[in-house]
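# Examining the three-dimensional arrangement
Spelled out from the first residue to the last, the chains are:
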Amino acid sequence: MFPSGLATVHLAANHLHEWAIMGCPVKREKPWTRQDMEEAIKWGPHRSALSTEAIAHFVEEAADKVSRGQAQLVKGADIKDDLPTELKISLIAAIPHYSWKFRS
C-alpha cells in the first residue's frame, strides 16, 4: 500500500513507501509450501469476518485498494501450482472501530 494523504508526512512514511515497493518484512523460517497454503485456507478467517456486513466491508475495501493501485487480487487457483516465494496468508478479522465500521 503506497502512503497517501497524511501518511506521506508521517514519521514512518519512508518505511511505508519502501514496504509498498519491496514488500513488508515478515519473519518466516522457510517459504510457504502448497501444504502451508492449504492449511491456512482450511483454517479460514476469524469468526468476526464472517458476517454479511463484514464481508461487504472487505469487498468494498479490496475494490478500493485495487482501484488506487495499492493492491492486486489473485485467485488461489491461479497460483497454487507456482507459489510466490514470499507468499504469506494472514488470518482476516473484522474489528469494530469507533470512527468507521471495521478496522481490518
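Computed from a predicted model, the values in this text were never measured in an experiment.

### Brief notes about the overall build of the chain
- Helix and strand content of the chain: 4 helices and 2 strands.
- Element order for the chain, N to C, with α for helix and β for strand: α-α-α-α-β-β.
- Dimensions of the chain along its principal axes, counting C-alpha atoms only, are 40 × 35 × 25 Å.
- Relative to its full complement of 104 residues, the chain shows a buried share of 15%.
- In the chain, of all internal contacts separated by at least 6 residues, the share reaching a separation of at least 24 is 61%.
- Of the roughly 8800 Å² of accessible surface on the chain, 59% is carried by carbon and sulfur atoms.

### So, the environment of Glu 86
- With respect to the helices and strands, the residue Glu 86 is situated in the loop between helix 4 (76-79) and strand 1 (95-96).
- The exposed category is assigned to Glu 86, whose relative accessible area is 72%.
- Put simply, Glu 86 and Gly 23 are 63 residues apart on the chain and 9.1 Å apart in space, counted from C-alpha to C-alpha.

### Considerations on the environment of Val 26
- Looking at where Val 26 falls in the secondary structure, it is placed in the loop between helix 1 (13-22) and helix 2 (34-43).
- Accessibility expressed as a relative area gives 46% for Val 26, which makes it partly exposed.
- Between the alpha carbons of Val 26 and Glu 86 there is a distance of 9.0 Å; along the sequence they are 60 residues apart.

### Some words on the confidence of the model for the chain
- In the predicted model, the chain carries a mean pLDDT of 82, and 96% of its residues have values of at least 70.
- Confidence, read as mean pLDDT per element, is least for strand 2 (residues 102-103) in the chain (70) and greatest for helix 3 (residues 52-67) (90).

### Some remarks on a nonpolar patch on the surface
- On the surface, Phe 2, Ile 21 and Met 22 cluster together into a nonpolar patch covering about 340 Å² of accessible area.
- Turning to its location among the elements, Ile 21 is positioned in helix 1.

About the criteria used
- Residues numbered from 1 in each chain as written.
- Predicted model: local features only at pLDDT ≥ 70, side-chain atom pairs only at ≥ 80, totals over all residues.
- Heavy atoms only, no water.
- Helix = DSSP H or I, 4+ residues; strand = E, 2+ residues; numbered from the N terminus.
- Buried < 20%, exposed > 50% of the residue type's maximum accessible area, 1.4 Å probe, protein only.
- Contact = heavy atoms within 4.5 Å.
- Areas by Shrake-Rupley, 256 points an atom, 1.4 Å probe, with all protein chains shown as cover.
- pLDDT = per-residue confidence, 0-100.
- Patch = residues over 30% accessible without salt bridge, like charges linked within 9 Å, V, L, I, M, F, W, Y side chains within 5 Å.
- Salt bridge = Lys/Arg side-chain N within 4 Å of Asp/Glu carboxyl O.

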